[in-house]
Amino acid sequence: MVELAIKSMCTGCSACCDACPQNAISMEYDEEGFLFPCINEELCCKCGLCQKTCPTLSEAFDFKAPLSIYAGWSEDKKMLKNSTSGGIFMSLCREVFSQSGIVFGAVFDDELKLSHKSAFSENEALSMQGSKYIQSNASGAYKEAKRYLDENKLVLFSGTPCQIDGLFHYLKKPYENLITCEILCHGVGSTAFFEDVISESESLNGSKAVDVKFRDKQKGWEDSQFKITFENGKTVSQFSYYSTFGYPFSLGYSNREYCSVCRYSSPQRIADITLGDYSASDKNKYSKEKRKNGISIILASTEKGKQLLESVKGLSLEEKDASLVGESNPALRKRQNDTAKRNHFFEIYKNKGYEAVKNAYATPPKQTVTRFKYRRQINFIYNLLKKLRLK
Ligand SMILES: Cc1cc2nc3c(=O)[nH]c(=O)nc-3n(C[C@H](O)[C@H](O)[C@H](O)COP(=O)(O)OP(=O)(O)OC[C@H]3O[C@@H](n4cnc5c(N)ncnc54)[C@H](O)[C@@H]3O)c2cc1C
Ligand code: SF4
Ligand code: SF4
Ligand code: SF4
């Protein structure tokens, strides 16, 4: 039997699946709600191509120190509103489409199943906007991207760092006409748990969910909401941070096992461009309005990435010193999380079900909610006392 990466080391990137010449590999959800490759032994001819393609079984492609780091945002208000942070991704898309390029990104279908799709126009790419904090099934996307690359078309491929590494391992050679854009990633949450959250809400609201925004900005980027829209037009929202989905996700309890030790969590990057939430210590120097609309951290790690960023119209970019932003985002630091709580979360989920794990891990204590709601006032008083003590 052909052995792929062991479960605890598999990212679910699905590069092995696209590499198989026999179509013998499919990506299936396990009982925790994460994608893993499944080999059909009857179709497998034991060629070993899947093993040779797996990023976990070989060296990561090429980690690079960023050439430039920026804080930035799109000047297009609508684009900014529908994005998670500064709307940089859609600004890049606009430039790529102006050069007749193709973009790959994560899209929900009508049943809220997330997978990687291609887009040929800004209109088609709208559904890629916004972070979906569960794993996108990328199988098929690497194969399709290679076809366009071989036809010399410009391709912008976006995804988690493990998916970008999966693409590089699948392609096996560099392409001048490929631009990769990764998100700063602290993990993907369980799809099964997400679906339970949605089902519960559908029952409570008597209607099918048709759209989910993990970080809706109606109340502002720093107060983003987990928002569900139903077929009957009704919507429900909770602060993302302490929503039933967001709370265990942000603490890493409901995330994929490998995400706890992810090798892509590092100041060195895999993709040409990296995007995340701007969280450096000088964030508060930006106006209230800017912080309400959203600010991205952007890392350009290749000349190609830097050139694309600097050629995009309607983007505001402010170059930052690496020392300022280096420690500010956990997704830029080496990761070695304690997995005890994560494993306990799934032990309860698998043995006792959704309600039990929701009560144990997905309902934040009252003090946490109060502290989050009044965090600005608490910070203000804390800083004032600190200043007074220093005098
Ligand atoms: C799973 C996940 C974890 C993240 N963790 C962090 C973090 O720890 N720290 C941080 O600073 N930022 C994190 N981000 C990134 C952040 O939420 C924003 O997506 C990022 O700042 C880009 O914002 P934007 O406004 O430019 O574009 P947006 O329009 O918000 O970004 C959309 C882009 O994200 C891609 N995308 C969305 N969901 C997925 C998915 N599930 N899998 C692969 N690609 C996806 C889309 O294809 C598109 O390219 C995470 C995003 C995701 C999806
Ligand atoms: S060994 Fe070859 S045929 Fe078998 S699953 Fe891997 S790639 Fe497919
Ligand atoms: S290629 Fe990706 S999905 Fe396949 S075994 Fe390796 S890490 Fe897992
Ligand atoms: S944390 Fe690492 S392994 Fe997990 S989804 Fe993000 S890049 Fe992939």
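Residues numbered from 1 in each chain as written. Chains lettered and ligands numbered in written order. Predicted model: local features only at pLDDT ≥ 70, side-chain atom pairs only at ≥ 80, totals over all residues.

**Section: the pairing of strand S8 (residues 209-216)**
Among the eight residues that make up S8, six are buried, leaving the element largely enclosed by the rest of the structure. As paired elements, S8 and strand S9 (residues 225-230) share five bridges and run antiparallel to each other. Bridging from a neighbouring strand, Asp 211 pairs with Thr 229 of S9. (Buried ≥ 20, exposed ≤ 12 C-beta atoms within 10 Å, placed from the backbone. Helix = DSSP H or I, 4+ residues; strand = E, 2+ residues; numbered from the N terminus. Pairing = 2+ DSSP bridges.)

**Here's the deal with the site of ligand 1**
Near ligand 1 there are 33 residues, and of these Ser 83, Thr 84, Gly 105, Ser 158 and Gly 276 occur at the shortest range. Sorting the residues of the shell around ligand 1 by element identifies helix H4 (88-98), strand S4 (102-108), strand S6 (155-159) and strand S11 (273-277) as the ones contributing at least two each. (Near = placed C-beta within 6 Å.)

**Here we look at the pairing of S9**
Here S9 pairs with strand S10 (residues 235-239) via five bridges, running antiparallel. Among the inter-strand pairings, Thr 229 is bridged to a residue of S10, identified as Thr 235. The hairpin turn running from S9 into S10, its antiparallel successor, is four residues long, and Gly 233 in that turn takes a positive phi close to 90 degrees.

**Section: the sheet that holds S9**
Sheets are built from strands that pair by backbone hydrogen bonding, the pairs being arranged parallel or antiparallel. Spatial ordering of the open sheet is given by S8-S9-S10, a layout of three strands whose pairing is antiparallel. Strand pairing shows two members of the sheet lacking a second neighbour, S8 and S10, which therefore form its edges. Neighbour-to-neighbour, the strand axes of the sheet open up by a mean angle of 15 degrees, direction not taken into account. Lying over the sheet, helix H8 (residues 191-205) contacts S8, S9 and S10, oriented at roughly 120 degrees with respect to S8. (Axes fitted to C-alpha atoms, helices over the stretch in contact; angles between N-to-C directions. Contact = placed C-beta atoms within 7 Å.)

**Let's talk about the nonpolar core**
By size, the foremost hydrophobic cluster in this structure holds 102 residues, and its most contacted members are Cys 16, Cys 93, Ala 145, Val 155, Leu 156 and Ile 298. The biggest single contributor to this core is H4, with seven residues. Filtering out sequence-adjacent residues up to four positions away, Cys 16 remains in contact with Leu 4, Ile 25, Pro 37, Cys 50, Thr 53 and Cys 54. (Core = buried A, V, L, I, M, F, W, Y, C linked by C-beta atoms within 7 Å.)

**Considering the environment of Val 107**
With respect to the element layout, Val 107 can be found in strand S4. A C-alpha to C-alpha distance of 8.6 Å links Val 107 and Lys 132, two positions 25 residues apart in sequence. When residues no more than four places from it in sequence are discounted, the contact partners of Val 107 are Ser 115, Lys 117, Ser 127 and Met 128.

**Details of the sheet that holds S11**
Reading across from one edge, S5-S4-S6-S7-S11-S12-S3-S13 is the order of the eight strands in this open sheet, with mixed pairing throughout. The open sheet has two free edges, formed respectively by strand S5 (114-119) and strand S13 (315-320), since each of these has just one partner strand. The average undirected angle you get between the axes of adjacent strands in this sheet is 25 degrees. Note: S6 against strand S7 (residues 178-183), five bridges, orientation parallel. Its bridge partner lying in S7, Phe 157 is registered against Thr 180.

**Quick notes on the domain arrangement of the protein chain**
Domain boundaries in the protein chain define domain 1 (7-53), domain 2 (68-189 + 255-332) and domain 3 (191-253 + 337-367). Just the C-alpha atoms count here: the centres of domain 2 and domain 3 sit 24 Å apart. Residue-level contacts link 20 residues of domain 2 with 19 residues of domain 3. Examining the composition of the side of domain 2 that touches domain 3, we find that three residues originate from one element, helix H10 (residues 288-293), more than from any other. Of the residues assigned to the side of domain 2 that touches domain 3, the class counts are four nonpolar, 12 polar and four charged. (Domains from an automatic or database assignment. Nonpolar A, V, L, I, M, F, W, Y, C, P; charged D, E, K, R; others polar.)

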